[in-house]
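Listed below, chain by chain, are the residues.
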Amino acid sequence: MESGSRLKGKVAIVTGGASGIGAETAKVFAGHGAKVMVCDVNDALGNSIIEEINTSGGDATYRTLDVTNEGRWSDLVAETVELHDRIDVLTNIAGISGRDPQQNIQTTLTAGGLLEDQSLEKWNQIMEVNATGTFLGTKSVLAPMRDSGGGSVINISSICGIIGSFANTAYHASKGAVRIFSKSAAIQYAADGIRVNSIHPGFVDTPMTQPGHANPEVAQKRIEATPLGRFGTPRDIAMGCLYLASDEAAWITGTELVIDGGMTAN
Ligand code: NAI
């Protein structure tokens, strides 16, 4: 595990911490001295991540959390404060693409069908996890962050929250909501020393994107659209989270950090 002290003494909650970007962020945070609450709905994977962190000398605790459940958020915040006395950092990373698992052969740059074929049920599910989950998480940590003199909320949006594409309007809409929600929350809570920022990854190789990347045609299209010529790694995004979580970013709030290999510069 990487080691440093950029988050020494801080307590961080990481949602979606069982897999991909969330798991890597939890590891990087722990490696930099944070006490990390790893939260997810995938208990087996989540527990394996904290085991890895704790075996390498870090301090991580796993808690089951469905980010759409407001009651569980209250419990988690209470449990975290009881265990560690404070909350300094929240990274809202849990998310779903809404990709149909039956859709094994993906032919467009982004996954998902046409708007006309999108059911209301699917739309609501994507909005609920990606956008409402971010709202509930942010709302839940405000009081303890205020009590400890401030904090940093990092919301994982996407380049899909900045630009449109051919497919998956619900995913785009949910990530656009995360982007502008973060700016409004930043303004409302700046006086409390609570910073709120969004991160906008391009195509990162994780279990979410691997079904698409397994199709060489899609993988090639995505890499060709990325000026730096490769997929992002979970670490590329985790390092952005580390910066925004640390005191190095003390004067940064309401901003959007794009980490996309140059894709949206084009
Ligand atoms: P992933 O699928 O590897 O990880 C997502 C995690 O969220 C999983 O562990 C899953 O169990 C958890 N999760 C899903 N629903 C949940 C719920 N209701 N409550 C709690 N946890 C839940 O995916 P990845 O790629 O690591 O994605 C992380 C975030 O980054 C997501 O918000 C995604 O939309 C975003 N993102 C990913 C990109 C990529 O290319 N992989 C690009 C841009 C954004």
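Just so we're clear, the structure is a prediction, and the values are computed from it rather than from any experiment.

So, about the packing of helix α1 (residues 20-31) against helix α2 (residues 43-55). With their axes 10 Å apart at the nearest point, α1 and α2 run at an angle of 20 degrees to one another. Taken together, α1 and α2 sit at an angle that is classed as roughly parallel. As α1 runs across α2, the sense of the crossing is right-handed. Here α1 contributes Ala23, Ala26, Lys27 and Ala30 to the contact with α2, which in turn contributes Ile49, Glu52 and Ile53. Here the contact of α1 with α2 is composed, by residue class, of 5 nonpolar, no polar and 2 charged.

Bringing the nonpolar core into the picture now. One recurring pattern in soluble globular proteins: nonpolar side chains tend to sit buried together. Ranked by internal contacts, the top residues of the largest apolar core, which has 31 residues, are Phe29, Val36, Val38, Ile154, Ile199 and Ile237. Broken down by secondary-structure element, the contributors of at least two residues to this core are β1 (11-15), α1, β2 (35-40), α2, β3 (59-64), β5 (151-156) and α8 (234-245). Apart from residues no more than four positions distant in its own chain, valine 38 is found in contact with Val14, Gly17, Ala18, Ala26, Gly46, Ile50, Ala60, Thr61, Tyr62 and Arg63. Core analysis: the second largest hydrophobic core is formed by 21 residues, Ile13, Val67, Leu136 and Ile194 among them.

A word on the pairing of β3. Of the pairings in the sheet, the one linking β2 to β3 comprises 6 bridges and is parallel in character. Residue pairing for β3: valine 38 is matched across the bridge by tyrosine 62. Running through α2, the crossover from β2 to the neighbouring parallel element β3 is right-handed.

Let's shift gears to the environment of leucine 83. Within the secondary structure, leucine 83 sits in helix α3 (residues 70-84). Non-local contacts of leucine 83, meaning those with residues more than four positions away in its chain, are made with Met37 and Thr61.

With 15 residues, α3 should cover 21 Å at 1.5 Å per step; its first-to-last C-alpha distance of 21 Å lies within 8% of that length. Burial in α3 covers these residues: Trp73, Leu76, Val77, Thr80 and His84. Taken down its axis, α3 places every buried residue within 100 degrees of arc, on the same side. Summarising the contacts, the buried residues of α3 are in contact with β1, β2, β3, β4 (89-92) and α4 (120-147).

Attention now goes to α1. Compared with an ideal rise of 1.5 Å per residue, which puts 12 residues at 16 Å, α1 spans 17 Å between its outermost C-alpha atoms and is within 8% of the ideal. Among the 12 residues of α1, 11 are classified as buried, and the element is accordingly described as predominantly covered. What α1 keeps buried is the set Gly20, Ile21, Gly22, Ala23, Thr25, Ala26, Lys27, Val28, Phe29, Ala30 and Gly31. Within two residues after α1, glycine 33 carries a phi angle of roughly 95 degrees, on the positive side.

There is a patch of nonpolar side chains on the surface, built from Ile162, Ile163 and Val258 and spanning about 200 Å² of accessible area. By the element assignment, valine 258 lies in strand β7 (residues 256-259). A residue is classified by how much of its surface remains accessible, and valine 258, at 32% relative accessible area, is partly exposed.

Conventions adopted
- Residues numbered from 1 in each chain as written.
- Predicted model: local features only at pLDDT ≥ 70, side-chain atom pairs only at ≥ 80, totals over all residues.
- Heavy atoms only, no water.
- Axes fitted to C-alpha atoms, helices over the stretch in contact; angles between N-to-C directions.
- Helix = DSSP H or I, 4+ residues; strand = E, 2+ residues; numbered from the N terminus.
- Parallel < 35°, antiparallel > 145°, perpendicular 65-115°, else oblique.
- Left-handed = near helix turned anticlockwise from the far one by under 90°.
- Contact = heavy atoms within 4.5 Å.
- Nonpolar A, V, L, I, M, F, W, Y, C, P; charged D, E, K, R; others polar.
- Core = buried A, V, L, I, M, F, W, Y, C linked by side-chain atoms within 4.5 Å.
- Buried < 20%, exposed > 50% of the residue type's maximum accessible area, 1.4 Å probe, protein only.
- Pairing = 2+ DSSP bridges.
- Right-handed = clockwise from strand over helix to strand, strands pointing away.
- Expected span 1.5 Å × (residues − 1).
- Arc of directions from axis to C-beta.
- Patch = residues over 30% accessible without salt bridge, like charges linked within 9 Å, V, L, I, M, F, W, Y side chains within 5 Å.
- Areas by Shrake-Rupley, 256 points an atom, 1.4 Å probe, with all protein chains shown as cover.
- Salt bridge = Lys/Arg side-chain N within 4 Å of Asp/Glu carboxyl O.

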